[in-house]
Amino acid sequence: MEQTVTFHNGNTMPKVGLGTFRVEEGQELVEAVKHAIVSGYRSIDTARIYDNEQSVGEGIRQGIEAAGISRADLFITTKLWLDDYGYEESQTAYQASLDRLGLDYADLYLLHWPGQDTQLYIDSWKGLEKLYNDGKVRNIGVSNFNIEHLDRLLEEASVKPVINQIEFTPYLNQQELRDYLKEKFIVAESWSPLMNGEILTNEVVMNIAEKHGKSPAQIIIRWNIEKDVVIIPKSVTPSRIEENLNIFDFELTKEDLYELDQLNEDRRNGPDPAEYNGH
Ligand SMILES: NC(=O)c1ccc[n+]([C@@H]2O[C@H](COP(=O)([O-])OP(=O)(O)OC[C@H]3O[C@@H](n4cnc5c(N)ncnc54)[C@H](OP(=O)(O)O)[C@@H]3O)[C@@H](O)[C@H]2O)c1
């Protein structure tokens, strides 16, 4: 199986990356990012609101050196927080994120949430389009956008988002939204894919894991990529970081996929994008 997806603009992104939510600035995060890169990860996901871009940047620099690769081999995502929405504000916030990361470009910049003000997310998107058209960012996308948000955005957009990063788990399979994204050639990406560990003790997931001689986390990660969903599981544990990338040597069966599909309850763990305003 290919280890990257190709966007509608021809650029590519690794299917598996490292998440960094709820890890503070500091040595633990620097080491995790470095270890991920040395272990073969090429994609790292952060955000302004995670308050950890400096350590992510330091981990990237150390990882590049230790792995003997170059910056261009990596795919770095960061996100615009709602407090910084606006046409001018989005461009200023992007530069501030780059300064903290110590990078001169990001591979992907996302609107983190739609928020409750349609005009404001459209103005912010125009700011991201300007960054993209000026060659300051490689790709632009959104996160937590539902069909209504995207319909509205696409009416106004001159650059289509490459990706929508959404909550996607066996309990919330987002079939309608994923069908919509596929039709528009927008890639789906999952956040909190392991449900912070909760899904790993599900009996169906554990049984499938045992059958394949894999861990429950590997089953969920493989399930994501077989559903054409890019995934960024978070771990600061070296053995888990390695385990989470080691999913390209097996396949789920039709029966496995059927059983996982049956777990859907349309149940969210995180906020509902239709209602969330950042607080
Ligand atoms: N766009 C958005 O609104 C949004 C929202 C939430 C998250 N995200 C992104 O998505 C990423 C992933 O989501 P998340 O951090 O919320 O949670 P997650 O990836 O679902 O789960 C992370 C938790 O699972 C544990 N874990 C990781 N690999 C494991 C393994 N192989 N076996 C057992 N446990 C394992 C980690 O523990 P250790 O670290 O202790 O190993 C950590 O406690 C975030 O880090 C962030 O980058 C985006």
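Computed from a prediction, not measured in an experiment: that's the story for all the values here.

1. Description of the site of the ligand
Point 1. In the vicinity of the ligand there are 28 residues, among which Asp45, Ser192, Lys234, Ser235 and Thr237 approach most closely.
Point 2. One nitrogen or oxygen atom from the side chain of serine 143 is found 2.8 Å from a nitrogen atom belonging to the ligand.
Point 3. Contact between the ligand and serine 192: an oxygen atom at 2.6 Å from a side-chain N or O atom of the residue.
Point 4. Taken by itself the ligand offers 910 Å² of open surface, and the protein chains cover 89% of this.
Point 5. Per-element accounting of the shell around the ligand gives the leading share, three residues, to helix α9 (residues 238-245).
Point 6. Split by residue class, the shell around the ligand holds 12 nonpolar, 11 polar and five charged.

2. Some points on the UniProt feature "active site" (unreviewed entry) in the protein chain
Point 1. Here, UniProt's "active site" (unreviewed entry) annotation points to Tyr50.
Point 2. By the secondary structure assignment, tyrosine 50 is in the loop between β4 (43-45) and α2 (53-67).
Point 3. Not counting residues up to four positions away in its chain, the partners in contact with tyrosine 50 are Thr20, Phe21, Val23, Asp45, Lys79 and His112.

3. Section: the UniProt feature "site: Lowers pKa of active site Tyr" (unreviewed entry) in the protein chain
Point 1. The sites that carry the UniProt feature "site: Lowers pKa of active site Tyr" (unreviewed entry) are, in the present numbering, Lys79.
Point 2. With respect to the helices, strands and loops of the structure, lysine 79 is situated in strand β5 (residues 75-80).
Point 3. Those residues in contact with lysine 79, other than ones at most four positions away along the chain, are Asp45, Thr46, Ala47, Arg48, Tyr50, Tyr109, Leu110, His112 and Gln165.
Point 4. A polar side-chain atom of lysine 79 sits 2.6 Å from a polar atom in the side chain of aspartate 45.

4. Topic: the pattern of salt bridges
Point 1. All chains considered together, the criterion is met by 18 salt bridges.
Point 2. With its nearest N and O atoms 2.7 Å apart, the salt bridge here joins arginine 100 to glutamate 53. Of this pair, arginine 100 sits in helix α3 (residues 87-101) while glutamate 53 sits in helix α2; the two residues are 47 residues apart in sequence, bridging distant segments of the chain.
Point 3. Classification of arginine 100 as partly exposed rests on a relative accessible area of 29%.
Point 4. A salt bridge links arginine 267 to glutamate 265, with the shortest nitrogen-to-oxygen separation between them at 3.0 Å.
Point 5. What makes glutamate 265 partly exposed here is its relative accessible area of 49%.

5. Here's the deal with the sheet that holds strand β7 (residues 140-143)
Point 1. In spatial order, the strands read β3-β4-β5-β6-β7-β8-β9-β10; together these eight strands make up an open sheet with parallel pairing. The strands lining the two open edges of the sheet, one partner per strand, are β3 (18-19) and β10 (229-231).
Point 2. Of the pairings in the sheet, the one linking strand β6 (residues 108-111) to β7 comprises three bridges and is parallel in character. For tyrosine 109, the partnering residue across the bridge sits in β7 and is isoleucine 140.
Point 3. Contacting β9 (187-191) and β10, helix α8 (residues 216-226) runs over the sheet at an angle of about 140° to β10.

6. What to know about helix α4 (residues 118-133)
Point 1. Look at α4: 22 Å from first C-alpha to last across 16 residues, which is about the 22 Å you get at 1.5 Å a residue.
Point 2. For α4, the complete set of buried residues consists of Tyr121, Ile122, Ser124, Trp125, Gly127, Leu128, Glu129 and Leu131.
Point 3. Residue glycine 135 follows α4 closely and has a positive phi angle near 75°.

7. Looking at unusual backbone geometry
Point 1. For phenylalanine 185, which is not a glycine, the phi torsion comes out positive at approximately 60°.
Point 2. Along the chain, phenylalanine 185 turns up in the loop between α6 (175-183) and β9.
Point 3. Among the residues examined, phenylalanine 185 registers a relative accessible area of 61% and is labelled exposed.
Point 4. Positive phi, close to 50°, is recorded for aspartate 266, a residue that is not glycine.
Point 5. With respect to the secondary-structure elements, aspartate 266 resides in the segment after α10 (254-261).

Rules used throughout
Residues numbered from 1 in each chain as written. Predicted model: local features only at pLDDT ≥ 70, side-chain atom pairs only at ≥ 80, totals over all residues. Heavy atoms only, no water. Near = heavy atom within 4 Å. Polar contact = N/O pair within 3.5 Å; in protein donor to acceptor, adjacent residues only side chain to side chain. Areas by Shrake-Rupley, 256 points an atom, 1.4 Å probe, with all protein chains shown as cover. Helix = DSSP H or I, 4+ residues; strand = E, 2+ residues; numbered from the N terminus. Nonpolar A, V, L, I, M, F, W, Y, C, P; charged D, E, K, R; others polar. UniProt positions renumbered as here; feature names shortened; annotations may be inferred. Contact = heavy atoms within 4.5 Å. Salt bridge = Lys/Arg side-chain N within 4 Å of Asp/Glu carboxyl O. Buried < 20%, exposed > 50% of the residue type's maximum accessible area, 1.4 Å probe, protein only. Pairing = 2+ DSSP bridges. Axes fitted to C-alpha atoms, helices over the stretch in contact; angles between N-to-C directions. Expected span 1.5 Å × (residues − 1).

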